[in-house]
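# Notes for the structure review
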Amino acid sequence: MSLWVDKHRPRDLAKLDFHKDQAVRLKSLVQQSDFPHLLVYGPSGAGKKTRIMCLLRELYGSGVERLRQETMHFTTPSNKKIEIMTVSSNYHIEVNPTDVGIHDRVVIMDLVKTVAQTHQIDSSGQREFKVVILNEVDDLTKDAQHALRRTMEKYVATCRLILIANSISRVIPAIKSRCLTIRVPAPTENEIASVLQLVCKKESLNLSSELALRIAKCADRNLRRALLMCEACKVQQYPFTQDQKIPEPDWQLFIKETASMVLSEQSPKKLGEVRQKLYELIIHGIPPDMIFAGLLKELVHNCDMAMKCQVASYAAKYEHRMRLGNKPIFHLEAFIAKFMAIYKKFIEESMGDAF
Amino acid sequence: MSRDIRSFFLPKKSQKPKDEDDDIIPESPDVQIKNKKKEPRKKRVIHDSDDETNTKKTSLVSNKSPRNKSKPDLKEVKVVDLFGNAPIKRTEPLVKKSKKQTETGIHSDDEFEKSLLEIDSVAVGDKPEIKQFDGGNSESNHKDTTTLKTPKNKQKAKSPAKAVVTSAKQNYANKKEESKLNSKRKFSEFAEIEVHNEEDNIKRKKMDVSVCDNKTKVKQLSEDNDDADVSTFEDESSSKHKKKKVNTSLNESVLTDEERHERKMHSAALYQKYLHRSGPKHLGAKEMPEGSPDCLKNCAFLLTGVLDSFEREEIVEAINKYSGCVKNAISKKVTHVLAGEDAGPAKMSKALELGIKIISEDDFLQMIADSKNSKNKTSAKNDTNDDTNNKNHSNKSKKSPKDKSVDKSIIDIKKEKSPKEKHTNVTTVKEEKSSENVKVNAKNSNKSINSGEIKKDMKIDKKSIKTEKQDSESSNKNTTVISDVKREDQKPIHIVPASMWVEKYKPQNVKQIIGQHGDASNVKKLTNWLTKWYVNRKAKLPKPSPWAKNYDGGYYKAALLSGPPGVGKTTTVSLVCKELGFDMVEYNASDTRNKTLIKEQIGEMLTTKSLSAYAKGDVGKQAVTKKHVLVMDEVDGMAGNEDRGGLQELINLIKMTSVPIICMCNDRNSQKMRSLVNYCYDLRFNRPRVDQIKSAMMSICFKEGLKVAPDVLSQLIVAANQDVRQTLNLLSMWAVDPDLADTDRLRKDTKTVKKDIKLGPWEAVRKVFSAEDHKSMSIHDKSDLFFYDYSLAPLFVQENYLQVAPHCPKHEVLQRISKAADSISLGDLVDKRIRSAQAWSLLPTQAMYSSVIPGHELAGHVAGQIQFPGWLGKNSRAGKLHRLCQEIHAHTRLSTSGSKSSIFLDYCTHLRDAIVNPLIKDKSDGIAKSLEVLESYHLLREDLDSLVELSVWPGQRNPTILIDSKVKAAMTRTYNKTSSALPYAPGTIKRGSARDDQEAMDDEELSDQPEDSDPENDALIKKKKTKETEKSSSSKEKPGASKEKPSSSKGKASNKAKKK
């Protein structure tokens, strides 16, 4: 028994619940029997992957759903053996090059080459190209991205690339220009609510639209999260009530906790404690940019407008540095220190005014 | 004999400066050295001489009588006759022998020995004179006046030392003629000490019974006049006497019990007083006067009580500065007791008992201040004194014109000393002695010229050598002697930059290696090992335990000498080999030592015979030797491409070698040496102690005429990390540049060198934030703190900057911290740049951002303990969780769509709950449900634990605790029973090990089929289905499919294993 989120995933372009016009466009694209490289981007939980799988099914038929996992081995120029897990069907192969860290270039070059250099023998009734799906393209190293752009052109006859990214800001323009970029925006809250109700109906449960909306709000327009939360709600309490407590993800709670610590006291000692919390977040694999975003959201609650701008700009500054740097904790801490300094000054001034 | 005296000056002084203060009263040391050495010789001479009884008699008389009295006793004309040629001839060879023995025994300086031998050979030519002199010497001491009167005696004195002796005689005679006061005046420079000395000597004279001792004392006195620098040596016999005296004095003070008790009480009271005593009352009231350098030489101080205006440390420093020494306990070595308020009564009484001068603080300051003045005056004074001496002399001994000359030469000595500070005093003495000698010689032939020359000497000191030359030309007879003398004299004086000091003063035999004298020394061990090597090979010894102490290494075929550079490893080996007659085949880092080379070249070489002896002209069996030693120097340098496989081959070589192998390395604990050390006899060289190096260096400095204060030298040695070679190099640099040789600058230099002490990251980070240290640090010094360990420093700073209490207004603290944090974050950017682009030139920039700026912003002090950077631990933990997550992601990939971070953010909690909740709620009934979830996501049992680890946050309860342990066990059991097909290979099983045959696998698959209800999950079935199509359709996918099979079979294999 899978979780709802996987159990009720649509498998056909026609069955997609939102962005239906986009689905239609994709369908027409595929029906032309050929399509360019795709760069699909959008926030997580918007249905990128689902959409791509539907597209492939449209393209090759149900054969693409016969998946298998393989471990592939590569050797880096420095003679280091690396292995990477791939998911593939007869018609496509999906890989997550960032799994191997800085050696992703080797994976991209070798994998795409081996796939692309082989033609389909039985091309009757089949497409003459295969599809390579690369996940998390925005996290690829620059080297890998550069390696990609030549192969994209060279093997265009035998293989199509579908690149998946959260944001294209870190994808080099050379790749962007070679692909048809498809943005999959996050579903609106209403869309999520309707999906939730649909799912509940399938599970033969009764979900009020109010609660569905509340869950959608909580889930931050992330359909995956919304579905998981909805299921968690069901586990917690069924039948649903109107004002039921929606379990928030632990890490969000943790970030909120951290932010309230910062607001409660501004001192070097407190900063030291906050550092431990930040470490904990990082250890648990929460992407540091999400930590930044979460903290900023919580911290600006108590600020006036001028200060809000100031804090936001600092958050942006340190997040930028974090991307350029090695150790996220340094930058998170610098941001907190800065905020503490500003906030304390602000408090003192306002106190001074009061007296 | 006479040469001995001279020659013993040098090395004795330089080699054993430590021993100098071995015994009691400091006198001018030259004398004492002479005493020691002369004793045996003199005895011989005395025995040989006909008038043994005679001398004894006189000596006895003289012993009993004070000086003035002894004089008339000594005046006997007889003795002159005794110095005839005949008896002296006999003694000559004896003298020579004894000389050689003592010298080689005591001196380890080869060069020196050589020169001695040369002189000896010359001396053989001059036999009669020497003999005569020997006799004369012995006699003259007893019967000064008589000897003075005998021109013969002196005329024959040709070798330099002879001259000294004669001069000594003269002085002694002078002294006798003069009153004590006179002598005091004469040696105003050392007035007090000398008075002491004289008194002591007189005292001793009384005690001494032996003739020779008596003689030596006379000489001591005379040498005191010479103002030689070599510090104190007591001749043994006299010291014994003294000790006896002390003992008796102690015995006398045996106390009754009551007295003892009283004394105890008293001392307790005193101790209380001592504990509560105050500091200096007028601290800083007086200024330490400037004295001339070395003005306190030969002075040993004992400080007691509280001084009026100086801290004890200041005084100690001052004394050390002026080359004095400070003693902790009272002994005869102490020359002055510097007493302050509440001086220890025990010390004072003892000082009185020993007749040690007790001085106050003011006296002490006066001593230093006077030294400056007196030094300037001494020469003049000496002149006048000596003039008067001369007069006296001329009055008394008009018969001998030589007296004059000798006296004048003494004046020369004094004169020269004061201006010529560069030369150590002893050298000048030497020089002068030789010049004296020359003069004496010259007088033999030509008196008139002589006087002129002496005048020249007086005028131009520096040309003394030249005048010597002239002398030598003028005196036909003694040219050889003089030239020898010259050679000897010149050697130490002029600085030869021709050869490096390191080479020049390389030890020539085993004994000269610094710090390798003891029985347990490495030299000894190595010698022992090498000599027994061939024997041990036949013996077949068992392998010793690695903890065995003092093992002689019999088992090992190779020795590994390890130790820091510059302690003499290579030297030791070469000398030991030389000594044992082994042929050294040396390979060092400059040779390529890779596998093939070692195997072919070296291996070959070791089986061949050496013909090196042929080259030396040996014939017969000795010429051909098989005694090789393979010396692999700097084995830790055997690395890299060049020497590939070298170490391994070396080990092989050691295993089958037929000759001893000696390896040398710096760090035996390094990774590279790991394998080698197991095959080698371990000899570890430690750094020699500072004083060991110091004494050797002093001797070299002395030979090179470089004047270095002892404390500066020891600082230098410490700064050079007790590296002998380094110290020598530094010294030779100083010697070349006279500006550098300025003592004060040397002091400063050594201080700057001292700074290069390695700091650990803890101390470094403390310094980074220390406002105190910042005051004295330049920006370079601050950034240097970063470079002690540039990889750890930024982490340390980041970890600890919050603990700093900055010295600033309180409201600024947060501002400053945020600035520091900002700088640290910038530092991280630089770090990334450095690491990713190998832009190491950016390190200084990083130093600024990561260390200097935060340190500057938060200058204060670190309030807490310095913590080790937590980042490292956190990072590795983050890495671990990432790995777990990646594994889960990989396992669930077929059924989920999210990326890795979606596992972290969304899935893990829900997945965990989906598995755990049924177990908690429904107990064993929920097992099926939770297993279903596991299966549908292709998760392993272990993944559940990973999930829990991922999803539990600090402060949260682990939900698995709520599961009944029985349920948990039951769940694990059922999980193991139900073998689910996995679409991937569980990571723990090695590839290729479980290659099941096709049928078994098919069976499994068939049995699995009904279980897999979800068509999406049964990847294996699909694969099986696709297999046929793959085979027909695409050749490309075959490898993938074939790969797939074993992997799935592995999954099953593992399951099977679990079932069992």
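Each remark here, short or long, concerns the structure printed above.
About the cut-offs
- Residues numbered from 1 in each chain as written.
- Chains lettered and ligands numbered in written order.
- Predicted model: local features only at pLDDT ≥ 70, side-chain atom pairs only at ≥ 80, totals over all residues.
- Heavy atoms only, no water.
- Buried < 20%, exposed > 50% of the residue type's maximum accessible area, 1.4 Å probe, protein only.
- Helix = DSSP H or I, 4+ residues; strand = E, 2+ residues; numbered from the N terminus.
- Pairing = 2+ DSSP bridges.
- Core = buried A, V, L, I, M, F, W, Y, C linked by side-chain atoms within 4.5 Å.
- Contact = heavy atoms within 4.5 Å.
- Patch = residues over 30% accessible without salt bridge, like charges linked within 9 Å, V, L, I, M, F, W, Y side chains within 5 Å.
- Areas by Shrake-Rupley, 256 points an atom, 1.4 Å probe, with all protein chains shown as cover.
- Salt bridge = Lys/Arg side-chain N within 4 Å of Asp/Glu carboxyl O.
- Expected span 1.5 Å × (residues − 1).
- Buried area = accessible area lost by both parts, 1.4 Å probe.
- Nonpolar A, V, L, I, M, F, W, Y, C, P; charged D, E, K, R; others polar.
- Axes fitted to C-alpha atoms, helices over the stretch in contact; angles between N-to-C directions.
- Lys, Arg positive; Asp, Glu negative; His and termini not counted.
- Charge placed at Lys NZ, Arg CZ, Asp CG, Glu CD.
- Parallel < 35°, antiparallel > 145°, perpendicular 65-115°, else oblique.
- Left-handed = near helix turned anticlockwise from the far one by under 90°.
- Phe/Tyr/Trp six-rings, centres within 6.5 Å; stacked < 30°, edge-to-face > 60°.
- Lys NZ or Arg CZ within 6 Å of the ring centre and 35° of its normal.

### Focus on the pairing of strand S5 (residues 558–562) of chain B
Residue and element names in this part refer to chain B. Burial analysis of S5 places five of its five residues in the buried class, the great majority of the element. Alternating residues of S5 divide into Ala558, Leu560 and Ser562 and Ala559 and Leu561, and every residue in both groups is buried. Two elements, S5 and strand S8 (residues 661–665), share five bridges in a ladder whose sense is parallel. Within S8, the position partnered with Ser562 by the bridge is Cys665. Examined bridge by bridge, S5 and strand S9 (residues 680–684) share five bridges and lie parallel to one another. The partner of Ser562 across the bridge, within S9, is Arg684.

### Points about the nonpolar core
Counting residues in each nonpolar core, the largest one holds 64 residues, and the members touching the most others are Leu278, Phe335, Ile336 and Phe339 of chain A together with Phe769 and Tyr801 of chain B. For this core, the secondary structure elements donating two or more residues are helix H10 (250–264), helix H11 (268–283), helix H12 (288–299), helix H13 (305–324) and helix H14 (328–354) of chain A together with helix H37 (761–768), helix H40 (793–800) and helix H41 (813–837) of chain B. Of the residues forming this core, the biggest block, twelve residues, is contributed by H14 of chain A. Non-local contacts of Phe769 of chain B, meaning those with residues more than four positions away in its chain, are made with His774, Val797, Asn800, Tyr801, Val804, Pro854, Gly855, Leu858, Ala859, Gly860, His861 and Val862 of chain B. Phe240 of chain A together with Ala890, Leu911 and Tyr975 of chain B belong to the second largest nonpolar core, which has 60 residues in total.

### Describing a nonpolar patch on the surface
Residue and element names in this part refer to chain B. On the surface, Trp762, Phe868 and Leu872 cluster together into a nonpolar patch covering about 270 Å² of accessible area. Among the structural elements, Phe868 can be located in the loop between strand S11 (860–862) and helix H43 (870–891). Classification of Phe868 by relative accessible area gives partly exposed; the value is 42%.

### Brief notes about H11 of chain A
All names here are of chain A. The end-to-end C-alpha separation of H11 is 22 Å, in line with the 22 Å expected for 16 residues at 1.5 Å each. In terms of burial, H11 is largely enclosed, as twelve of its 16 residues are buried. After H11 finishes, the residue Gly285 shows a positive phi value of roughly 75°.

### Notes on the side chain of His19 of chain A
As for its position among the elements, His19 of chain A is in the loop between helix H1 (4–7) and helix H2 (20–31). Once residues lying within four places of it in the same chain are set aside, the contact partners of His19 of chain A are Arg51, Val184, Pro185, Ala186, Pro187 and Glu191 of chain A.

### Quick look at the interface of chain B and chain A
Between chain B and chain A, the residue contacts involve 81 residues of the former and 77 residues of the latter. Buried area between chain B and chain A, summed over both chains or domains, comes out near 7,000 Å², and the portion from carbon and sulfur atoms is 55%. On the surface where chain B and chain A come into contact, there are six salt bridges. Where Lys327 of chain A meets Asp831 of chain B, a salt bridge forms, and the shortest distance between an N and an O atom there is 3.2 Å. For the side of chain B that touches chain A, the secondary structure elements donating two or more residues are H40, H41, H43, helix H44 (900–922), helix H45 (927–936), helix H46 (941–951), helix H49 (1019–1033) and helix H50 (1037–1059) of chain B. Among the elements that make up the side of chain B that touches chain A, the one with the highest residue count is H41 of chain B (15 residues). Looking at the side of chain B that touches chain A residue by residue, the classes come out as 29 nonpolar, 28 polar and 24 charged.

### Brief notes about the sheet that holds S5 of chain B
Residues and elements named next belong to chain B. On the basis of which strands lie adjacent, the open sheet formed by five strands has the order S6-S7-S8-S5-S9 and parallel pairing. The open sheet has two edge strands with one neighbour each: strand S6 (583–587) and S9. Looking at each pair of strands side by side, their axes are set apart by 20° on average, direction ignored. Strand contacts of helix H31 (residues 646–656): S5, strand S7 (628–632), S8 and S9, with the helix running at about 150° to S8, the strand carrying the most contacts.

### A closer look at the pairing of strand S3 (residues 81–88) of chain A
In regular strands, side chains alternate between the two faces of the sheet. All names here are of chain A. Most of S3 is tucked away: six of the eight residues are buried. Sheet topology places strand S2 (residues 68–75) next to S3; eight bridges connect them, and they run antiparallel. Of the residues in S3, the one forming a bridge with Thr75 is Lys81. Hairpin connection between S2 and S3: a loop of five residues separates the two successive antiparallel strands, and Asn79 in this loop has a positive phi of roughly 65°. Pairing of S3 with strand S4 (residues 92–95) involves three bridges; the strand directions are antiparallel. Paired with Thr86 across the strands is Val95, a residue of S4. Adjacent in sequence and paired antiparallel, S3 and S4 are bridged by three residues.

### What to know about the sheet that holds strand S2 (residues 325–327) of chain B
Residues and elements named next belong to chain B. If you walk across this open sheet you meet the four strands as S2-S1-S3-S4, and the pairing is parallel. Either end of the sheet is taken by a strand with one partner, and the two such strands are S2 and strand S4 (357–359). Each strand axis lies, on average, 35° off the axis of its neighbour in the sheet, ignoring direction. The pairing of strand S3 (residues 336–339) with S4 spans three bridges and is parallel. Bridge pairing in S4 places His336 opposite Lys357. In this fold helix H17 (residues 312–321) packs onto strand S1 (300–304), S2 and S3, with an angle of close to 175° to the strand it touches most, S1.

### As for the pattern of salt bridges
Counted by the stated rule, this structure contains 31 salt bridges over all chains. A salt bridge links Lys7 of chain A to Glu203 of chain A; its shortest N-O distance comes to 3.0 Å. Highlighted residues: Lys7 of chain A in helix H1 and Glu203 of chain A in the loop between helix H7 (189–202) and helix H8 (209–218), separated in sequence by 196 residues. Glu772 of chain B is paired through a salt bridge with Lys775 of chain B; the nearest N and O atoms lie 3.6 Å apart. With respect to class, Glu772 of chain B is no different from Lys775 of chain B; both count as exposed. By sharing partners, the salt bridges in this structure join Lys49 and Glu94 of chain A together with Arg893 of chain B into a single network.

### Some thoughts on a negative patch on the surface
On the surface, a cluster of negative charge is made up of Glu311, Glu313, Glu314 and Glu317 of chain B. Here Glu317 of chain B is to be found in helix H17.

### Describing the environment of Pro247 of chain A
Residues and elements named next belong to chain A. For Pro247, the location among the structural elements is in the loop between helix H9 (223–236) and H10. Linking Pro247 and Ala232, residues 15 residues apart in sequence, is a C-alpha distance of 7.2 Å. When sequence neighbours within four positions are dropped, the list of residues in contact with Pro247 reads Met229, Ala232, Cys233 and Gln236.

### Re the packing of H37 of chain B against H40 of chain B
Describing two packed helices takes the angle between their axes plus the distance from one axis to the other. Residue and element names in this part refer to chain B. In the contact formed by H37 and H40, the axes pass within 10 Å of each other and the chain directions differ by 60°. The angle between H37 and H40 falls in the class oblique. Pair H37 / H40 crosses with right-handed handedness. Every residue of H40 that contacts H37 at Pro761, Trp762, Val765 and Val768 is listed here: Phe796, Val797 and Asn800. Split into classes, the residues belonging to the contact of H37 with H40 amount to six nonpolar, one polar and no charged.

### Points about the packing of aromatic side chains
All chains considered together, the criterion is met by 16 aromatic pairs over all chains. Taking 5.6 Å as the distance between ring centres and 90° as the angle between the ring planes, the aromatic pair formed by Phe796 of chain B and Phe868 of chain B counts as edge-to-face. Placement of Phe796 of chain B in helix H40 and of Phe868 of chain B in the loop between S11 and H43 is noted, with a sequence separation of 72 residues between them. Its relative accessible area of 1% is what places Phe796 of chain B among the buried residues. Against the face of Trp871 of chain B rests Lys327 of chain A, its NZ or CZ located 5.0 Å from the ring centre.

From the geometry alone we can't say anything about function, so treat these as descriptive.
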